[in-house]
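Letter by letter, the chains look like this.
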Amino acid sequence: RYEPTWGSLDARPLPVWFDEAKFGVFIHWGVFSVPSFGSEWFWWYWQKEKREPYVKFMDTNYPPGFSYEDFGPLFTAEFFDANQWADVLKASGAKYVVLTSKHHEGFTLWGSKYSWNWNAVDVGPKRDLVAELATSVRNRTDLHFGLYHSLFEWFNPLFLEDLTNAFKTRKFPTSKSLPELYEIVTKYQPEIIWSDGDGNAPDTYWNSTGFLAWLYNDSPVRDTVVTNDRWGAGSICAHGGFYTCSDRYNPGHLLPHKWENCMTIDRSSWGYRRDARLQDYLSIEDLVKQLAETVSCGGNLLMNIGPTHDGRIAVVFEERLRQVGAWLKVNGEAIYGTKPWRAQNDTVTPGVWYTFSPKEGKVNAIFLNWPVSGILELGEPQAKLGETQVKLAGYKELLKWVALGEKGMVIALPQLTPQQLPCQWGWTLQLTDVN
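Here the structure is a predicted model, which means the values were calculated and not measured.

Side note on the overall build of the protein
Looking only at helices and strands, the protein features twelve helices and 14 strands. Taking 2.2 N^0.38 as the reference for a compact globule, 435 residues should give roughly 22 Å; the C-alpha atoms of the protein span a radius of gyration of 23 Å, in line with that estimate. Dimensions of the protein, computed from the C-alpha atoms along their principal axes, are close to 75 × 50 × 40 Å. The proportion of buried residues among the 435 residues of the protein is 58%. In the protein, 69% of the contacts between residues at least 6 apart in sequence involve partners at least 24 apart. A total of about 18,000 Å² of accessible surface is found on the protein, and carbon and sulfur atoms cover 52% of it.

A word on the pattern of salt bridges
Across all of its chains, the model carries 25 salt bridges by this definition. A salt bridge links D266 to R273; the nearest nitrogen and oxygen atoms lie 2.8 Å apart. For the pair formed by D266 and R273, the shared burial category is buried. Among the charged side chains, a salt-bridge network with shared partners connects D19, K22, K258 and K339.

Describing the UniProt feature "domain: Alpha-L-fucosidase C-terminal" (unreviewed entry) in the protein
With numbering matched to this structure, UniProt assigns "domain: Alpha-L-fucosidase C-terminal" (unreviewed entry) to residues 344-432. Across residues 344-432, helical content stands at 0% and strand content at 37%; the span's end C-alpha atoms are separated by 17 Å.

A look at the environment of V330
By the secondary structure assignment, V330 is in helix α12 (residues 315-331). Owing to a relative accessible area of 25%, V330 belongs among the partly exposed residues under this scheme. In this structure, the C-alpha to C-alpha distance between V330 and T428, residues 98 residues apart in sequence, is 8.7 Å. Ignoring any residue separated from it by four or fewer positions in sequence, one finds V330 in contact with A393, G394, P422 and C423.

Considerations on the sheet that holds strand β13 (residues 409-412)
Within the open sheet, the three strands sit side by side as β10-β13-β12. Their pairing is antiparallel. Two strands in the sheet have a free side with no partner beyond their single neighbour: β10 (375-378) and β12 (401-403). The average undirected angle you get between the axes of adjacent strands in this sheet is 15°.

Considerations on the state of the cysteines
Counted by the stated rule, this structure contains one disulfide. Of all cysteine sulfurs in the structure, the one in C245 sits closest to C262, which takes part in no disulfide; the separation is 9.8 Å.

Describing the packing of aromatic side chains
This structure, assessed with the given rule, holds 55 aromatic pairs. Consider the rings of F107 and W118, whose centres lie 5.0 Å apart with planes at 85°: the pair is edge-to-face. Placement of the pair is F107 in the loop between β2 (96-102) and α6 (129-140) and W118 in the loop between β2 and α6, with a sequence separation of eleven residues. Of the two residues, F107 and W118, neither departs from the other in class, the shared state being buried.

Regarding the side chain of D162
Structurally, the position occupied by D162 is in helix α7 (residues 157-164). There is no salt bridge for the buried D162, and the closest opposite charge comes from K171, which lies 6.5 Å off by N-O distance. Aside from chain neighbours lying at most four places away, what touches D162 is F167, K168, T169, R170, K171, F172, P173 and Y205.

Quick look at the nonpolar core
Within the largest apolar cluster, 125 residues are counted, with the highest numbers of intra-cluster contacts made by I27, L378, I411 and L429. Shared between two domains, this core takes at least three residues from each, and those domains are domain 1 (6-334) and domain 2 (339-432). With 14 residues, the next largest nonpolar core counts Y96, V226, F242 and C262 among its residues.

What to know about the layout of surface pockets
By volume, the largest pocket amounts to about 190 Å³. What lines the largest pocket is W43, E69, E105, G106, S115, W118, E153, F155, N156, P157 and K176. When grouped by side-chain class, the residues that make up the lining of the largest pocket number four nonpolar, three polar and four charged.

Looking at the sheet that holds strand β14 (residues 427-432)
To summarise the sheet geometry, strands pair through backbone hydrogen bonds and adopt either a parallel or an antiparallel arrangement. Spatial ordering of the open sheet is given by β8-β9-β14-β11, a layout of four strands whose pairing is antiparallel. Among the strands making up the open sheet, the edge pair consists of β8 (352-357) and β11 (389-392). Here the strands of the sheet are splayed against their neighbours by 25° on average, with no regard to which way each runs. Bridge count for β11 against β14 is four bridges, and the pairing is antiparallel. What sits directly across from L392, in β14, is L429. The strands touched by helix α11 (residues 284-296) are β8 and β9 (362-367); relative to β8, the strand with the most contacts, the crossing angle is about 50°.

Examining the packing of helix α5 (residues 82-91) against α6
When two helices pack together, their arrangement is given by the angle between the helix axes and by the axis-to-axis distance. Taken N-terminus to C-terminus, the directions of α5 and α6 make an angle of 50°; their axes are 8 Å apart at the nearest point. Considering the angle they form, α5 stands oblique to α6. Between α5 and α6 lies a crossing whose hand is right-handed. Counting all contacts with α5, which are made through A82, N83, W85, A86, D87, L89 and K90, the residues of α6 involved are E132, L133, S136, V137 and R140. Tallied by class, residues from the contact of α5 with α6 come to six nonpolar, two polar and four charged.

Conventions we followed
Residues numbered from 1 in each chain as written. Predicted model: local features only at pLDDT ≥ 70, side-chain atom pairs only at ≥ 80, totals over all residues. Heavy atoms only, no water. Helix = DSSP H or I, 4+ residues; strand = E, 2+ residues; numbered from the N terminus. Rg over C-alpha atoms; globule rule 2.2 N^0.38 Å. Buried < 20%, exposed > 50% of the residue type's maximum accessible area, 1.4 Å probe, protein only. Contact = heavy atoms within 4.5 Å. Areas by Shrake-Rupley, 256 points an atom, 1.4 Å probe, with all protein chains shown as cover. Salt bridge = Lys/Arg side-chain N within 4 Å of Asp/Glu carboxyl O. UniProt positions renumbered as here; feature names shortened; annotations may be inferred. Pairing = 2+ DSSP bridges. Axes fitted to C-alpha atoms, helices over the stretch in contact; angles between N-to-C directions. Disulfide = S-S within 2.5 Å. Phe/Tyr/Trp six-rings, centres within 6.5 Å; stacked < 30°, edge-to-face > 60°. Lys, Arg positive; Asp, Glu negative; His and termini not counted. Core = buried A, V, L, I, M, F, W, Y, C linked by side-chain atoms within 4.5 Å. Domains from an automatic or database assignment. 1 Å grid on protein atoms, 1.4 Å probe; cavity = no way out; pocket = protein on both sides within 12 Å on 5 of 7 lines; lining within 4 Å. Points joined across faces, edges and corners; volume = space filled by probe spheres on them. Nonpolar A, V, L, I, M, F, W, Y, C, P; charged D, E, K, R; others polar. Parallel < 35°, antiparallel > 145°, perpendicular 65-115°, else oblique. Left-handed = near helix turned anticlockwise from the far one by under 90°.

Have a look at this one:
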């Protein structure tokens, strides 16, 4: 049994499925999807920081005295079709999904009995959005279902009272945050609890170790559940399950501890933005590069989309997800279930990232640029004459190669028309019998 101490909790082995999954989709959805302007931090930037674009947006478009709470009934989700979302998630090649059950605004996407009249069953859609998505994902896909949950809430009077008391009182976690966590675990049995938003309060204020000890010892998901590292000030990148360290974290080198790169397809926001332009969205080339770099350095990629207030996955997000899925159909062996190799990227040719498939004993070299010469030079692999074989994922014939001294090899790529290429944005060479 795990003790409610970081020493004990940090010693828990990470359930194997998480490292093998490599790729997940993050979904930021809530009342902030109604103004869908600037950022999902809309309420804070408008009311607390009084940033000019947000204040002006409200003055221009809403009547005087309109409050953030008034956005609640406008969060309607009339086009939300959980089956359609599940089908898009499946087509993306992702192995898990993490939905925001509650962001810092405090609005819960399920009918929480601890969030009276500020939840999706009492206000807005009048539906349990968490239950609908959980059911569809479990019925239609093999994805693991996870939930994001914000510990703190910007403007909750109980939290603000505890803050004023320098967190010597604990009214908010005992009456709101912790009961909600127990509620979502018991009710929806998520296999990931993605905690966030510590409000600069220590983990002792949140009783994070007490909750995690229950989660790992006695909860219905104790054997399969995975958690992140955002459990109180100072715990990030130090305690918990996998490390996130910061948003859009991509160190570019191997880390000794399992980590995740959570990032957004929209460069500027996690929530949907009506004011986004095409150049604000990462291209499929950008996303394939992120995936290759992240996995080669031992991380998982958690790629975020922000649905609309009426429950649609915007076409640009759907396209990106389906493109990643198409790429993974060809190159998935270089991603899923792989381990980091002794070298993460190539020393001679930039834009080449390595992974290792332990079952097949294959080294995978993912290269992001097709060389004009048709010749690819790799500085890292040590090839063995008469033994090493080189394949291009999605192409039948073996490729010709020449060893370069002690280390390195030159590979002749097949001459293919654009239509004949196995995929369009990054390719995988599979090397067997290399040292």
